[in-house]
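# A structural walkthrough
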Amino acid sequence: MHEIKQPLRAGHGEYKIPGGKLVVIDLSVEAGHLKNVQLSGDFFLEPPEALDAINAALEGLPCNAGAAGLAQAVREALSDDVQMFGISPEGVAVAVERALA
């Protein structure tokens, strides 16, 4: 018997952080997990490599991780020297949830 593979479902979410910047998430969903996660927007991160760390932290997470789980994954992926300007782990989580809606 062959397993029927569910097609990828694409999602796009945007969130304007109050007093901050626009956070945009593009992703796919496969078998209930986040795939091909790409964070963008008009915020700033130092060092720039932090963007890759955030994308990697979200990759593979279950779609039902919830806002707190998503924000925690982002927070844990960032080293203490990362500076976020106009963006927050909670703002990223909102954008992901909107992409999943």
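Use the structure listed above.
Below is a short write-up of the structure. All values reported here derive from a predicted model rather than from experimental measurement. Counting starts from 1 at the beginning of each chain's written sequence and moves along it residue by residue. Note on the predicted model: pLDDT of at least 70 is required for a residue's local features to be given, and 80 or more for side-chain atom pairs to be given and counted; whole-chain, interface and lining totals, by contrast, use all residues. Excluded from the side-chain calculations are hydrogens and water; all other atoms, namely the structure's heavy atoms, are used.

### Side note on the pairing of strand E1 (residues 9-16)
The side chains of a regular strand alternate between both faces of the sheet. Heads up, the rule is: When DSSP finds at least two bridges between two strands, those strands are taken to pair. Helix and strand definitions here come from DSSP, where helices need a minimum of 4 consecutive H or I residues and strands a minimum of 2 consecutive E residues; each element is numbered from the N-terminal end.
Where E1 meets strand E2 (residues 22-30), 8 bridges bridge the pair, whose relative direction is antiparallel. Bridge pairing in E2 links Ala10 to Ser28. Linking two consecutive strands that pair antiparallel, namely E1 and E2, is a turn of 5 residues; a positive phi of about 75 degrees is found at Gly19 within it.

### What to know about the environment of Pro18
This is how the line gets drawn: In this scheme, a residue with accessible area under 20% of its type's maximum is buried, one over 50% is exposed, and one in between is partly exposed, where area comes from a 1.4 Å probe on protein chains only.
One can find Pro18 in the loop between E1 and E2. Judged by its relative accessible area of 67%, Pro18 is exposed. The sequence separation of Pro18 and Ile87 amounts to 69 residues, and the corresponding C-alpha distance is 9.7 Å.

### Some words on the pattern of salt bridges
Basically, it comes down to this: Only one rule defines a salt bridge in this text: a Lys or Arg side-chain nitrogen within 4 Å of an Asp or Glu carboxyl oxygen.
Considering all chains together, one arrives at 1 salt bridge under this definition. Arg75 is the salt-bridge partner of Glu90, the closest N and O atoms lying 2.2 Å from each other. In this pair, Glu90 is assigned in helix H3 (residues 89-100) and Arg75 in helix H2 (residues 66-77), connecting sequence segments 15 residues apart.

### Details of the nonpolar core
Formally: Among the buried residues, those of types Ala, Val, Leu, Ile, Met, Phe, Trp, Tyr and Cys that are joined through side-chain atoms within 4.5 Å form a nonpolar core. By the convention used here, residues are in contact when the closest approach between their heavy atoms is within 4.5 Å.
Membership of the largest hydrophobic core comes to 28 residues, with the highest contact counts inside it found for Ile25, Leu27, Leu34, Leu58, Val92 and Val96. Listing elements by their share of this core, those giving two or more residues are E2, strand E3 (33-41), helix H1 (50-58), H2 and H3. For this core, the element with the highest residue contribution is H3, accounting for 6 residues. Once you skip the residues sitting within four places of it in the chain, Leu27 turns out to touch Arg9, Ala10, Gly11, Leu34, Lys35, Asn36, Val37, Val96, Ala99 and Leu100.

### Overview of the packing of H1 against H2
Going by this rule: What counts as an axis is a line fitted to C-alpha atoms, over the stretch in contact for a helix, and the angles between N-to-C directions run from 0 to 180 degrees. Small angles under 35 degrees read as roughly parallel and large ones over 145 as roughly antiparallel, with 65 to 115 read as roughly perpendicular and the rest as oblique. If you view the pair so one helix is near and one far, a crossing is left-handed when the near helix is turned anticlockwise from the far one by less than a right angle, and right-handed when it is turned clockwise. Only Asp, Glu, Lys and Arg are considered charged, only Ala, Val, Leu, Ile, Met, Phe, Trp, Tyr, Cys and Pro nonpolar, and every remaining residue, Gly among them, polar.
Across the interface, H1 lies against H2 with an axial gap of 9 Å and an inter-helix angle of 135 degrees. As the angle between them shows, H1 and H2 are arranged oblique. Of the two possible hands of crossing, H1 and H2 adopt the one that is right-handed. On the side of H1, the interface is formed by Ala53, Ile54, Ala57 and Leu58, while H2 contributes Leu70, Ala73, Val74 and Ala77. When grouped by side-chain class, the residues that make up the contact of H1 with H2 number 8 nonpolar, no polar and no charged.

Nothing here speaks to function; it is geometry throughout.
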